Amino acid sequence: MKNCSIWWIVIAIFVLASSMPHSQAYLKNEKIKTEVFLSPKFMLGPGSVENKFYYGIDFPSGHIALKAFDAEVVDEAGNSVPLHETYLHHWIVARYYIRKDADVLENNGNRTPRESDFIFVQNGGFCQSNILRQYFGLGSETRRTETHIPDPYALEVGNPTEIPPGYEERWMLNVHAIDTRGVEDKKGCTECRCNLYNVTKDEHGRPLRPDYKGGLSCCYDHAQCKLRHGFEGVRRNLYLKYTVQWVDWDTSVVPVKIFIFDVTDSWKRFNDSTGLRTEHHCLIEYDVESCSDTSLADNKCILTKKTSFTFPTGGYVIYGVAHQHSGGIGSRLYREDGQVICSSNPTYGNGKEAGNEAGYIVGMSTCYPEPGSVKLTDGETLIVESNYNSSVYHTGVMGLFYILVADRVPNTTPFLHGPQEAYKNMNNSAFIIGAIVLLGVVAAAVGYRQRNKSEDGYEAIVM
Ligand SMILES: *[C@@H]1O[C@H](CO)[C@@H](O)[C@H](O)[C@H]1NC(C)=O
Ligand SMILES: *[C@@H]1O[C@H](CO)[C@@H](O)[C@H](O)[C@H]1NC(C)=O
Ligand SMILES: *[C@@H]1O[C@H](CO)[C@@H](O)[C@H](O)[C@H]1NC(C)=O
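All of these numbers come straight from a predicted model, not from anything done at the bench.

Student: Just checking my understanding: could you explain the side chain of R95 for this structure?
Tutor: Mapped onto the elements of the fold, R95 is located in strand 5 (residues 86-99). What makes R95 buried here is its relative accessible area of 2%. At a separation of 2.9 Å, a polar atom in the side chain of R95 contacts the side chain of E169.

Student: What should I look at first to understand the side chain of E285 in this one?
Tutor: Tracing the chain through its elements places E285 in strand 14 (residues 285-288). Buried charge E285 goes without a salt bridge, the closest partner of opposite sign being R209 at 8.8 Å. Reaching out from E285, the side chain makes a polar contact with the backbone nitrogen of L216 at a distance of 2.9 Å. Look past the residues within four positions of E285 in its chain and what remains in contact with it is Y212, G215, L216, T264, G396 and V397.

Student: Whenever I open this one, the pattern of salt bridges confuses me. Can you help?
Tutor: Oppositely charged side chains can form a pair if their charged atoms are brought close together. Across all of its chains, the model carries 25 salt bridges by this definition. The salt bridge partner of R95 is E169, with a shortest N-O separation of 2.9 Å. Taken together, the positions of R95 in strand 5 and E169 in strand 9 (residues 167-179) put the pair 74 residues apart, joining distant regions of the chain. Of the charged contacts, one joins K226 and E184 as a salt bridge, the two residues approaching to 3.6 Å between their closest N and O atoms. Taken together, the residues span a long stretch of sequence, with K226 in the loop between helix 3 (194-197) and strand 10 (236-248) and E184 in the loop between strand 9 and helix 2 (186-190) at a distance of 42 residues. For K226, a relative accessible area of 44% translates into the label partly exposed. Salt bridges sharing partners connect three or more residues here, namely E72, R143, K241 and E357.

Student: Just to check I follow, could you spell out the site of ligand 3 for this structure?
Tutor: Residues in close proximity to ligand 3 include I329, N389 and S391, which together make up its full environment. Here an oxygen atom of ligand 3 and a side-chain polar atom of S391 are 3.2 Å apart.

Student: Please explain the state of the cysteines as it appears in this structure.
Tutor: Taken as a whole and assessed by the stated rule, the structure comprises 6 disulfides. One disulfide bridge connects C194 with C218, the sulfur atoms lying 1.9 Å from each other. Negative torsions about the S-S bond denote left-handed disulfides, and the value of about 85 degrees found for C194 with C218 makes this one right-handed. Residue C194 is found in helix 3, and its partner C218 is found in the loop between helix 3 and strand 10; the two are separated by 24 residues along the sequence. Summarising the burial analysis for this pair, C194 and C218 share the class buried. C342 shares a disulfide with C367; S-S distance 2.1 Å. When the S-S torsion is 90 degrees, as for the bridge of C342 with C367, the disulfide is right-handed. Placement of the pair is C342 in strand 18 (residues 340-344) and C367 in strand 21 (residues 366-368), with a sequence separation of 25 residues. Across this residue pair, the class does not change: C342 and C367 are buried. Across the protein chain, the way the bonded cysteines pair up, counted in sequence order, is 1-8, 2-7, 3-6, 4-5, 9-10, 11-12.

Rules behind the numbers
- Residues numbered from 1 in each chain as written.
- Chains lettered and ligands numbered in written order.
- Predicted model: local features only at pLDDT ≥ 70, side-chain atom pairs only at ≥ 80, totals over all residues.
- Heavy atoms only, no water.
- Helix = DSSP H or I, 4+ residues; strand = E, 2+ residues; numbered from the N terminus.
- Buried < 20%, exposed > 50% of the residue type's maximum accessible area, 1.4 Å probe, protein only.
- Polar contact = N/O pair within 3.5 Å; in protein donor to acceptor, adjacent residues only side chain to side chain.
- Lys, Arg positive; Asp, Glu negative; His and termini not counted.
- Salt bridge = Lys/Arg side-chain N within 4 Å of Asp/Glu carboxyl O.
- Contact = heavy atoms within 4.5 Å.
- Near = heavy atom within 4 Å.
- Disulfide = S-S within 2.5 Å.

Encoded structure:
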């Protein structure tokens, strides 16, 4: 026990030191640049919804290698806004090329360019066309989910030889936030229950299926969730504050590709006149029915949803994380023989303050396999599994899995991969809270890592 406490002190000092203002959390890479941006302003009153798409947001430019992307909702004074006031349903950042002569003012990011003027840069998979094509994206878990990509890996962007002639690269941000101050049913509003929004038609006026009880179609931009009788509150200005970390591109960087799996994807393979092809059909959301009384009594109320995929081209898994909504109890990506590639589990808050809101998922654990240790082969079958606690009913939940895959490992490893990689570079204002939160996360991570090792011999750093 004594031994154990000494280790905690060592870890505590280490974490504090590595998150000190002006120090480098990434000791081994001093080239990392960090910049903090604010999204265009959005305004929310009690019960209201904003689902905005901002084209041409502020973003580092040039041929660079992205290392991390973190975000949170802040108010006009720059204070973190807790999820029980403004629920962050999701934010998504996508990359696109736009014609240089496109006649749209993008300065405020508020105007959508014409579709014929831009091209989204797709990630590696799997849903069709305009779904899940983001580079980064998270929801309520954003404050405590690690996004850092370990050296020498990164996402290569802004490569001038890849940008079509006459085009330039830009970034789009979608923020979907729900103000739940004063609402009758906070959980119902965050789960987008149609009855609470008094919605029977979608945003485009199309009638919803009678069995559609909740989900994105009911909490569209400017929808209004039901307030407690007589509640009055002010509308306020909010921003998504986002922090981008990157290094300038050089040939020592090993690029990674993004793959996003959706557990609701019901894909089919066709072999017809157009050749062999696979069509994906991603619903993004699903409902969790509440379990029967007998299962409840037996403590067996878990809804497991899974689907398998054929992984197109092989490579090495560098990072993995799942996305779930409240009620989620973990998600896994594994091979046909059952070998787990990544388990990602939610952390629920248990307080009031931003980053620790009770009942909300405030973080998802991530996987950092020892580089080179987890290799996917061409055409390998992978299974994605998403588990929810079904003791109560949920609408509009998600089961996504995001992985980064490198097609090679570097010839020589320039740096030792120390545990410091797993910790966030805290900014100055978040230092005190951050250090405390980090201690909790470290405790969870160390505990989880030990458990993971003894249970299935899998050694990825899981945070
Ligand atoms: C709900 O919508 C219907 C039809 O749009 C409208 O007549 C009714 O007043 C609304 N109810 C509330 C409580 O807003
Ligand atoms: C696809 O169809 C063609 C023509 O019917 C057939 O020759 C080929 O073997 C099929 N390929 C697969 C993978 O089923
Ligand atoms: C599911 O939630 C219920 C009620 O909150 C809880 O009692 C139960 O332990 C949970 N089950 C699991 C597997 O997390």
